[in-house]
Amino acid sequence: MSAAAFALPAFSFRFFPIWRRNFLVWKKLALASILGNIADPLITLVAFGYGLGSLLHSINGIPYIHFLASGSICMSVMMAASFEALYSAFSRMHVQKTWDALLNAPLALDDVVLAEMLWAATKSMFSGIAILIVIFMLGIGLHPTALAVPPLLFLIGMTFASIGLIINALARGYDFFTYYFTLVLTPMVFLSGVYYPTTQLPDWLQVVAKVLPLGAAVSLIRPLILGEWPRMPWVDIMILAAYCAGGFYLATVLTRRRLLK
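Residues numbered from 1 in each chain as written. Predicted model: local features only at pLDDT ≥ 70, side-chain atom pairs only at ≥ 80, totals over all residues. Heavy atoms only, no water.

Across its full length, the protein carries 10 helices and two strands. When the helices and strands of the protein are read in sequence order from the N terminus, they spell out α-α-β-β-α-α-α-α-α-α-α-α. The C-alpha radius of gyration computed for the protein amounts to 19 Å, which stays within 12% of the reference 18 Å derived for 261 residues, consistent with globular compactness. Overall, the C-alpha framework of the protein stretches about 60 × 40 × 35 Å when taken along its three principal axes. In the protein, which comprises 261 residues, the proportion classed as buried is 51%. Taking as baseline every contact in the protein between residues at least 6 positions apart, the subset at least 24 positions apart corresponds to 79%. Computed over 16 positive and 10 negative side-chain charges, the separation of the two mean positions in the protein equals 7 Å. (Helix = DSSP H or I, 4+ residues; strand = E, 2+ residues; numbered from the N terminus. Rg over C-alpha atoms; globule rule 2.2 N^0.38 Å. Buried < 20%, exposed > 50% of the residue type's maximum accessible area, 1.4 Å probe, protein only. Contact = heavy atoms within 4.5 Å. Lys, Arg positive; Asp, Glu negative; His and termini not counted. Charge placed at Lys NZ, Arg CZ, Asp CG, Glu CD.)

What follows is the structure in structure tokens.
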């Protein structure tokens, strides 16, 4: 692979028509898409929040359903961004050949990768906001601090979209994504404090949990939903930004290697 493949991504506003194209396609089935993205976390919230919550009433004085709801938003954004950056992006890149058509226009591959990342983040933010509205309707998170949640959801979405695009560049088929969901995302959910406090984990796993992107996301979002400010917000934001920047760079390099041979 030539040295040019390792160059830093070239940013320009040429990504916007690609982002807009994806948005217009999604808008035709927006309601079904949002409902599909919130169904799983909503079922989890009801089943565990009210079912397990009837046995485990509170965690550190916080009603369990409030604790779970504030973590479920982060999990939903992670999953929505990952699905879009994996299955949808792979379809456009490999199956539908949409990327090939785009590259016949005056666009660079970096523009396409950037647009895919930002679109996945946008779509995941929509899903996160939809879940936020649902928990508001349940009387959870009705605090002024919740106003800071949507822009942070976008950052979380960018982070997991960037990581997902790395896997997309390596995949040879849809089955490859199963490994990522099973071996990376699922363990991360259980290690990041979505269902229970990370203080219940062994000390060495607590250290791991603190540097996971989902762990940083939960540390940011949970206090805001509960009406408090995060203890160390800049540390969590820097962790997410590092994963986002590093993931996007690696995704760009690997995508160049795959498509610009």
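Picking up after the structure, the text goes on.
To continue, consider the packing of aromatic side chains. This structure, assessed with the given rule, holds 20 aromatic pairs. When the ring of Phe 16 is compared with that of Trp 19, the centres are 5.8 Å apart and the planes differ by 15 degrees; the resulting orientation is stacked. Note that Phe 16 and Trp 19 are positioned in helix α1 (residues 15–27) at a spacing of three residues, about one turn of the helix. Since its relative accessible area comes to 44%, Phe 16 is described here as partly exposed. A ring pair is formed by Tyr 174 and Phe 177, whose centres lie 6.4 Å apart and whose planes are at 70 degrees; its orientation type is edge-to-face. For Phe 177, a relative accessible area of 0% corresponds to the buried category. Taken together through their ring pairs, the aromatic side chains of Phe 83, Tyr 87, Phe 90, Tyr 174, Phe 177, Tyr 180 and Phe 181 make up a single cluster. (Phe/Tyr/Trp six-rings, centres within 6.5 Å; stacked < 30°, edge-to-face > 60°.)

For the rest of this paragraph, the subject is the confidence of the model for the protein. When pLDDT is averaged along the protein, the result is 90; 97% of the residues meet or exceed 70. When pLDDT is averaged over each element of the protein, helix α6 (residues 149–170) comes out on top at 97 and helix α2 (residues 30–51) at the bottom at 76. (pLDDT = per-residue confidence, 0-100.)

Below, the discussion takes up the pattern of salt bridges. For the structure on display, the rule yields five salt bridges. In this structure, Arg 14 engages Asp 111 in a salt bridge whose closest nitrogen and oxygen atoms are separated by 3.1 Å. Taken as a pair, Arg 14 in the segment before α1 and Asp 111 in helix α5 (residues 109–137) lie far apart in primary sequence, 97 residues in all. A salt bridge links Glu 84 to Arg 92; the nearest nitrogen and oxygen atoms lie 2.9 Å apart. Both residues of the pair, Glu 84 and Arg 92, belong to the buried class. Several salt bridges converge on common partners, so that one network encompasses Glu 84, Arg 92, Glu 116 and Lys 123. (Salt bridge = Lys/Arg side-chain N within 4 Å of Asp/Glu carboxyl O.)

Turning next to the nonpolar core. In summary, soluble globular proteins display a tendency toward joint burial of nonpolar side chains. Counting residues in each nonpolar core, the largest one holds 79 residues, and the members touching the most others are Met 117, Ile 135, Leu 153, Ile 156, Leu 214, Ile 221 and Ile 225. If you tally residues by element for this core, the top one is helix α3 (residues 64–95), at 16 residues. Among residues more than four places away in sequence, those in contact with Ile 156 are Val 77, Ala 217, Ile 221 and Leu 240. (Core = buried A, V, L, I, M, F, W, Y, C linked by side-chain atoms within 4.5 Å.)

Right, let's get into the packing of α6 against helix α9 (residues 213–225). Relative orientation of the contacting elements α6 and α9 amounts to 170 degrees, with a least axis distance of 11 Å. If you check the angle between α6 and α9, you find them roughly antiparallel. Residue-level inspection shows Val 149, Leu 152, Leu 153, Ile 156, Thr 159, Phe 160 and Ile 163 of α6 in contact with α9, the latter providing Pro 213, Leu 214, Ala 217, Leu 220, Ile 221, Leu 224 and Ile 225. Within the contact of α6 with α9, the residues separate by chemical class into 13 nonpolar, one polar and no charged. (Axes fitted to C-alpha atoms, helices over the stretch in contact; angles between N-to-C directions. Parallel < 35°, antiparallel > 145°, perpendicular 65-115°, else oblique. Nonpolar A, V, L, I, M, F, W, Y, C, P; charged D, E, K, R; others polar.)

Here we come to a nonpolar patch on the surface. Taken together, the side chains of Leu 170, Phe 176, Tyr 179, Leu 183 and Val 184 define a hydrophobic patch exposed on the protein surface, amounting to about 480 Å² of accessible area. Relative to the assigned elements, Leu 183 resides in helix α7 (residues 176–191). Overall, the relative accessible area of 61% leaves Leu 183 in the exposed class. (Patch = residues over 30% accessible without salt bridge, like charges linked within 9 Å, V, L, I, M, F, W, Y side chains within 5 Å. Areas by Shrake-Rupley, 256 points an atom, 1.4 Å probe, with all protein chains shown as cover.)

Another point: the side chain of Ser 72. Within the secondary structure, Ser 72 sits in helix α3. Leaving out residues up to four positions away in the same chain, Ser 72 has contacts with Pro 41 and Val 194.

So, on to unusual backbone geometry. A positive phi angle, near 55 degrees, is found at Asn 60, a position not held by glycine. Within the element layout of this structure, Asn 60 appears in the loop between β1 (58–59) and β2 (62–63).

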